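Chain residues, written in single-letter form:
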Amino acid sequence: MGEISVVLVEDHDLSRIGLSAALQQHQQIKVIGEAANGLQGLSLISQLKPDVALVDIGLPDIDGIELTQKIKRDEDSSLSEVKVLILTMHKTEDSVLAAFAAGADSYALKDIDLKSLVQAIQTTNEGNAWIDPTIARIVLQQARQSEPILTTHSLDQDTSENRQRIEIESLDADAQQIIETYPLTEREMDVLALIVAGCNNAQIAEKLYITVGTVKTHVRNILNKLCVDDRTQAAVRALRSGLIE
């Protein structure tokens, strides 16, 4: 796999510098540009055309949602192919839905650990959506609606041009059969529910009065039974299949 070129759009200097330095430690990722506001970010992205743009929502001029719209709806087809990974502190329903309606490919929260962020960048670059487990419920609940139309950030102009459908494929038949063949135990369901809620292993252990080692065992069993590679995929599959409401 070749290098993944990345442009960072983040207004906090220390956060941007620290994130850039951390990502540069990974051979598969190359930070080719940094911007402190949305307009500068749009200019850099237009010039450099990175594989992935990491975009904060709370920018000082145009916000990250408007920036995403400009990237995804640009007449330059090569620019519209740039993948957008929202990296932000915002986890309200309005922010999440507006970001995906604007065309964001993935959504991560800033408290994400570096290993998971690298995975999110790789997943996004491959053309797949990476959704933080904390906000996965919002996206999937919206997808279940009969008319899954998400309002964009331009709330004052509620026209068809400012709306966009977000579709998430339902669980395939093979995966559903796997879940039925290898049902989760009651304790595994408890752990899965807390994974969907965004809890880490230590928090799960505290809430269920079990050891972290036991939690890890349950998580491993859950991943195996659901045929997924990580906790994010487990959360998404649990919500799609109706295991967790």
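Notes on the structure follow. Being a predicted model, the structure only gives us computed values, none of them experimental.

How each quantity is defined
Residues numbered from 1 in each chain as written. Predicted model: local features only at pLDDT ≥ 70, side-chain atom pairs only at ≥ 80, totals over all residues. Heavy atoms only, no water. Salt bridge = Lys/Arg side-chain N within 4 Å of Asp/Glu carboxyl O. Helix = DSSP H or I, 4+ residues; strand = E, 2+ residues; numbered from the N terminus. Buried < 20%, exposed > 50% of the residue type's maximum accessible area, 1.4 Å probe, protein only. Expected span 1.5 Å × (residues − 1). Arc of directions from axis to C-beta. Pairing = 2+ DSSP bridges. Axes fitted to C-alpha atoms, helices over the stretch in contact; angles between N-to-C directions. Contact = heavy atoms within 4.5 Å. Polar contact = N/O pair within 3.5 Å; in protein donor to acceptor, adjacent residues only side chain to side chain. Parallel < 35°, antiparallel > 145°, perpendicular 65-115°, else oblique. Left-handed = near helix turned anticlockwise from the far one by under 90°. Nonpolar A, V, L, I, M, F, W, Y, C, P; charged D, E, K, R; others polar.

1. Remarks on the pattern of salt bridges
Next, step 1: For the structure on display, the rule yields eight salt bridges.
Next, step 2: A salt bridge links Lys 110 to Glu 10, with the shortest nitrogen-to-oxygen separation between them at 2.6 Å. You can see Lys 110 sitting in the loop between strand 5 (106–109) and helix 6 (114–125) and its partner Glu 10 sitting in the loop between strand 1 (4–9) and helix 1 (13–23), a full 100 residues away along the chain.
Next, step 3: With relative accessibility at 30%, the residue Lys 110 sits in the partly exposed group.
Next, step 4: Judged by its relative accessible area of 8%, Glu 10 is buried.
Next, step 5: Between Glu 66 and Lys 70 there is a salt bridge, and its shortest N-O distance comes to 3.9 Å. You can see Glu 66 and its partner Lys 70 sitting in helix 3 (residues 64–72), four residues apart, about one turn around the helix.

2. Quick word on helix 11 (residues 212–226)
Next, step 1: If you check helix 11, its first and last C-alpha atoms are 21 Å apart, about what 15 residues at 1.5 Å a residue would give, namely 21 Å.
Next, step 2: Looking only at helix 11, the buried set comprises Val 215, His 218, Val 219, Ile 222, Leu 223 and Leu 226. Each buried residue of helix 11 sits inside an arc of 135° when the element is viewed along its axis, so together they form one side.
Next, step 3: Downstream of helix 11 by a residue or two, Cys 227 has a phi angle that is positive, lying close to 55°.

3. Details of the sheet that holds strand 1
Next, step 1: Pairing in this open sheet of five strands is parallel, and the strands run 2-1-3-4-5 from one edge to the other. Among the strands making up the open sheet, the edge pair consists of strand 2 (29–35) and strand 5. Going across the sheet, the axis of each strand differs from the next one's by a mean of 25°, ignoring polarity.
Next, step 2: The strands touched by helix 2 (residues 38–48) are strand 1, strand 2 and strand 3 (52–55); relative to strand 2, the strand with the most contacts, the crossing angle is about 135°.

4. Thoughts on the side chain of Thr 88
Next, step 1: Structurally, Thr 88 can be placed in strand 4 (residues 83–88).
Next, step 2: At 3.1 Å, the side chain of Thr 88 forms a polar contact with the backbone nitrogen of His 90.
Next, step 3: Residues within four places of Thr 88 in sequence aside, it is in contact with Asp 56, Ile 57, Tyr 107, Ala 108, Leu 109 and Lys 110.

5. Some thoughts on the packing of helix 9 (residues 186–196) against helix 10 (residues 201–208)
Next, step 1: At a minimum axis separation of 10 Å, helix 9 and helix 10 run at an interaxial angle of 130°. Taken together, the axes of helix 9 and helix 10 lie oblique to each other. As helix 9 packs across helix 10, the resulting crossing turns out to be right-handed. Contacts between helix 9 and helix 10 pair Arg 187, Asp 190, Val 191, Leu 194 and Ile 195 from the former with Ile 204, Lys 207 and Leu 208 from the latter.
Next, step 2: When its residues are assigned to classes, the contact of helix 9 with helix 10 shows five nonpolar, no polar and three charged.

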